[in-house]
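# Structural features, examined
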Amino acid sequence: MDDAWRGSVDIAIGKAWTARAFDVETKALAKLAQPGADFYGIHASNDGKVMIFAGAVPIKAGETVIGAVGVSGGTGKQDQGVAEAAAQAFARG
């Protein structure tokens with residue numbers, strides 16, 4: 001994306017890794033990772049690779065997770081929307 005932060009590349013990769021590692025959208029994981037929630041502190045696991053920002057979605061073939069897409073560079077809502085669209089396009093493919 002024009003004018004996106006260079007750091008967004010690593011964030012997008014980290015988001016995709018997280019979505020695949022736990023087979024969950026990072027948006028949902030973020031809610032579960034808040035203080036007092038079941039997965040509080042998960043962002044510090046796996047050598048700090050876990051990203052709990054909205055913007056990554058597992059990609060499925062039927063019910064089987066076969067990968068993930070991660071997006072960074074916009075707002076959380078924008079990143080999430082693009083990731084969802086990409087995952088849906090892949091599933092239809």
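This text gives an overview of the structure that appears in the document. (Residues numbered from 1 in each chain as written. Predicted model: local features only at pLDDT ≥ 70, side-chain atom pairs only at ≥ 80, totals over all residues. Heavy atoms only, no water.)

### Things to note about the overall build of the protein chain
Helices and strands together make up the secondary structure of the protein chain, namely 3 helices and 2 strands. A compact globule built from 93 residues would reach a C-alpha radius of gyration of about 12 Å, and the protein chain, at 13 Å, matches this within 12%. Principal-axis analysis of the C-alpha atoms gives the protein chain an extent of 40 × 35 × 20 Å. Counting across all 93 residues of the protein chain, residues that qualify as buried make up 32%. Intrachain contacts of the protein chain at a sequence separation of at least 6 include 59% that bridge at least 24 residues. With an accessible surface of roughly 5900 Å², the protein chain has 56% of that area assigned to carbon and sulfur atoms. (Helix = DSSP H or I, 4+ residues; strand = E, 2+ residues; numbered from the N terminus. Rg over C-alpha atoms; globule rule 2.2 N^0.38 Å. Buried < 20%, exposed > 50% of the residue type's maximum accessible area, 1.4 Å probe, protein only. Contact = heavy atoms within 4.5 Å. Areas by Shrake-Rupley, 256 points an atom, 1.4 Å probe, with all protein chains shown as cover.)

### Focus: the environment of Ala68
The topology assignment puts Ala68 in strand β2 (residues 64-70). Among the residues examined, Ala68 registers a relative accessible area of 24% and is labelled partly exposed. Dropping the residues within four chain positions of it, Ala68 is found in contact with Ala16, Ala19, Arg20, Val57, Pro58 and Ile59.

### Brief notes about helix α1 (residues 7-22)
Along its 16 residues, α1 runs 23 Å from first to last C-alpha, staying within 8% of the 22 Å computed at 1.5 Å per residue. Within the sequence span of α1, burial applies to Ser8, Ala12, Gly14, Lys15, Ala16, Thr18 and Ala19. Contact partners of the buried residues in α1: α2 (26-32), β1 (56-61), β2 and α3 (76-92). Asp23, located one to two residues past α1, shows a positive phi value of around 50°. (Expected span 1.5 Å × (residues − 1).)

### Some details on the pairing of β2
Pairing of β1 with β2 involves 6 bridges; the strand directions are antiparallel. The residue bridging Ile59 from the neighbouring strand is Gly67, located in β2. The hairpin turn running from β1 into β2, its antiparallel successor, is 2 residues long, and Gly62 in that turn takes a positive phi close to 70°. (Pairing = 2+ DSSP bridges.)

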